[in-house]
Amino acid sequence: MKSYTLKSIGKNTDYMTIVREMEDGFVVKIVRDMDGYEDIKTDYISRELFDSCIRTGYLTEITEKVAVNA
């Protein structure tokens, strides 16, 4: 599964992970930092909108492994 950071204001570390690829789009999990707690949503994004977000820099692929403390 590929993950992407979302362009946001300030130092927020919001990100999106592709859960499932479909013919016309993607099912994604979006995690937003909301003042100390995570707001997690699962949603659908069309392939056209996804491609546009990549082109404009709203989404940037996360290429490095990040250690997560459990």
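For the structure, check the block above.
Residues numbered from 1 in each chain as written. Predicted model: local features only at pLDDT ≥ 70, side-chain atom pairs only at ≥ 80, totals over all residues. Heavy atoms only, no water.

Peer 1: Can you help me understand the packing of aromatic side chains in this one?
Peer 2: Think of a pair of aromatic rings as described by two things: how far the centres are apart, and how the planes are tilted against each other in angle. All chains considered together, the criterion is met by two aromatic pairs. Each ring, one from Tyr4 and one from Phe50, has its centre 5.3 Å from the other, and the planes form 85 degrees; the classification is edge-to-face. Of this pair, Tyr4 sits in strand S1 (residues 3–6) while Phe50 sits in helix H1 (residues 47–56), placing them 46 residues apart in sequence. A residue is classified by how much of its surface remains accessible, and Tyr4, at 5% relative accessible area, is buried. Residue classification places Phe50 among the buried positions, given a relative accessible area of 7%. With a centroid separation of 4.7 Å and an interplanar angle of 50 degrees, the aromatic rings of Phe26 and Phe50 are classed as tilted. (Phe/Tyr/Trp six-rings, centres within 6.5 Å; stacked < 30°, edge-to-face > 60°. Helix = DSSP H or I, 4+ residues; strand = E, 2+ residues; numbered from the N terminus. Buried < 20%, exposed > 50% of the residue type's maximum accessible area, 1.4 Å probe, protein only.)

Peer 1: Sorry, what's going on with the nonpolar core here?
Peer 2: As a rule of thumb, nonpolar side chains are buried together in soluble globular proteins. Of all hydrophobic cores here, the largest spans 11 residues; its members are Tyr4, Leu6, Met16, Ile18, Phe26, Val28, Ile30, Ile45, Phe50, Cys53 and Leu59. Every element with two or more residues in this core is listed here: S1, strand S2 (15–21), strand S3 (25–34) and H1. Non-local contacts of Ile30, meaning those with residues more than four positions away in its chain, are made with Leu6, Tyr15, Met16, Asp39, Ile40 and Lys41. (Core = buried A, V, L, I, M, F, W, Y, C linked by side-chain atoms within 4.5 Å. Contact = heavy atoms within 4.5 Å.)

Peer 1: Would you mind going over the pairing of S2 with me for this structure?
Peer 2: Regular strands have side chains that alternate between both faces of the sheet. Of the strand pairs in this sheet, S1 and S2 are connected by three bridges, and their pairing is antiparallel. Note that in S2 the partner of Tyr4 across the bridge is Met16. Pairing geometry for S2 and S3, over six bridges, is antiparallel. By the bridge assignment, Glu21 is partnered in S3 with Phe26. (Pairing = 2+ DSSP bridges.)

Peer 1: Mind showing me how you'd approach the pairing of S1 here?
Peer 2: By the alternation rule, side chains of S1 split into Tyr4 and Leu6, which are all buried, and Ser3 and Thr5, of which none is buried. Across three bridges, the pairing between S1 and strand S5 (residues 59–61) is antiparallel. Its bridge partner being in S5, Leu6 is matched across the sheet by Leu59.

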